[in-house]
Amino acid sequence: MQEPLIETKRDKELRSRRAHILEAALMSFLEKGYHQTGVRDIAKRAGVSLGNLYNHFSGKHAVLAEIAALEHKELQPFLSELRKDKAPSEVLEGFVRTYLIHLSTPENVTLNLEITSEAVRKPDIAKMFLKNQNALLDALAILLTRGVKEGCFRMLPDTREAASLILDAMEGKALRATLQNSITKVDHIELWDFIENAVTCPPNSQI
């Protein structure tokens, strides 16, 4: 059995420095935009030399790849929530509530817009983040399919497309709340009412 690797003091320092540079990059992207942010801007904000930055990241693209990896980790609790062995309607409402809170933070709204605009221009960037989006879509579609089989949800023509529409509605609500300075409430009640009525069987209907 292979012994676990012991992290040395230098390893910890390198990991800390890498995280610091990544945080500086994120703040720069949020303030100036990804396209307008240069590697020198990131290095200056992080308080490191260009050479030091390049020891950790080969460039902005590598930083964005790291952000995609972090997003993958951030999505794990939501994926786990969608896989809970509870009533599908209960699981779906819990997901709508918690994921909407996550989406609605101004930092996430702004970063999602930046990533989307870059992804439109650069397919390789789109590929990095589509992997995360597809994982969420797949898990949500599986939940909807289970709900249909158990009679909790109506017969949906395409559960993956339905999952995509649900996520679109959530992202749209989060964006509007940010653009309108929270005039649009970021609670899930009205959105859940809309989604619930869209996927559940009408009273006294037969499947």
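Residues numbered from 1 in each chain as written. Predicted model: local features only at pLDDT ≥ 70, side-chain atom pairs only at ≥ 80, totals over all residues. Heavy atoms only, no water.

Caption draft 1: Fine view of the overall build of the protein chain. Each helix and strand counted, the protein chain has nine helices and zero strands in total. When the helices and strands of the protein chain are read in sequence order from the N terminus, they spell out α-α-α-α-α-α-α-α-α. Principal-axis analysis of the C-alpha atoms gives the protein chain an extent of 70 × 55 × 30 Å. Taken over 207 residues, the protein chain has a buried fraction of 38%. Summarising the internal contacts of the protein chain: among those between residues at least 6 apart in sequence, 67% fall at separations of at least 24. Surface exposure of the protein chain reaches about 12,700 Å², of which carbon and sulfur atoms provide 55%. Put simply, the protein chain has 27 plus and 28 minus side-chain charges, and the middle of one group is 6 Å from the middle of the other. (Helix = DSSP H or I, 4+ residues; strand = E, 2+ residues; numbered from the N terminus. Buried < 20%, exposed > 50% of the residue type's maximum accessible area, 1.4 Å probe, protein only. Contact = heavy atoms within 4.5 Å. Areas by Shrake-Rupley, 256 points an atom, 1.4 Å probe, with all protein chains shown as cover. Lys, Arg positive; Asp, Glu negative; His and termini not counted. Charge placed at Lys NZ, Arg CZ, Asp CG, Glu CD.)

Caption draft 2: Spatial organisation of the packing of helix α8 (residues 159-179) against helix α9 (residues 189-199). The interhelical angle for the contact between α8 and α9, taken along N-to-C directions, is 165 degrees, at an axis separation of 11 Å. Here α8 lies roughly antiparallel to α9, going by the angle between them. Helix-helix and strand crossings are classified by hand; for α8 and α9 the assignment is right-handed. Residue-level inspection shows Ile 166, Ala 169, Met 170 and Lys 173 of α8 in contact with α9, the latter providing Leu 191, Ile 195 and Val 199. Per-class residue counts for the contact of α8 with α9 are six nonpolar, no polar and one charged. (Axes fitted to C-alpha atoms, helices over the stretch in contact; angles between N-to-C directions. Parallel < 35°, antiparallel > 145°, perpendicular 65-115°, else oblique. Left-handed = near helix turned anticlockwise from the far one by under 90°. Nonpolar A, V, L, I, M, F, W, Y, C, P; charged D, E, K, R; others polar.)

Caption draft 3: Layout of the packing of aromatic side chains. Within the structure shown, the criterion is met by three aromatic pairs. Relative to Tyr 99, the ring of Phe 95 has its centre 5.2 Å away and its plane inclined at 15 degrees; by these criteria the two rings are stacked. Placement of both Phe 95 and Tyr 99 in helix α5 (residues 88-103) is noted, with a separation of four residues, approximately one turn of the helix. A relative accessible area of 5% means that Tyr 99 is categorised as buried. (Phe/Tyr/Trp six-rings, centres within 6.5 Å; stacked < 30°, edge-to-face > 60°.)

Caption draft 4: Looking closely at the packing of helix α4 (residues 60-82) against α5. One can describe the packing of α4 onto α5 by two numbers: an axis separation of 9 Å at closest approach and a directional angle of 165 degrees. In terms of axis orientation, α4 runs roughly antiparallel to α5. Two packed elements cross with a definite hand, and for α4 against α5 that hand is left-handed. Only Val 91, Gly 94, Phe 95, Thr 98, Tyr 99 and His 102 of α5 make contact with α4, whose side of the interface consists of Glu 74, Leu 75, Phe 78, Glu 81 and Leu 82. Here the residues of the contact of α4 with α5 sort into six nonpolar, three polar and two charged.

Caption draft 5: Summary view of the layout of surface pockets. Here the largest pocket defines a volume of roughly 820 Å³. Put simply, the parts of the chain that give the lining of the largest pocket at least two residues each are α1 (9-32), α4, α5, α6 (106-121), α7 (123-149) and α8. Here the element with the most residues in the lining of the largest pocket is α6; it accounts for nine residues. The residue inventory of the lining of the largest pocket, partitioned by class, reads 18 nonpolar, six polar and five charged. Lining of the second largest pocket is provided by 13 residues; of these, Ala 162, Leu 165, Ile 166, Ala 198 and Val 199 occupy positions nearest its centre. Elements represented by at least two residues in the lining of the second largest pocket include exactly α8 and α9. (1 Å grid on protein atoms, 1.4 Å probe; cavity = no way out; pocket = protein on both sides within 12 Å on 5 of 7 lines; lining within 4 Å. Points joined across faces, edges and corners; volume = space filled by probe spheres on them.)

Caption draft 6: Expanded view of the confidence of the model for the protein chain. Put simply, the protein chain has an average pLDDT of 87, and 91% of its residues get 70 or more. When the elements of the protein chain are averaged for pLDDT, α6 gives the smallest value, 84, and α5 the largest, 94. (pLDDT = per-residue confidence, 0-100.)

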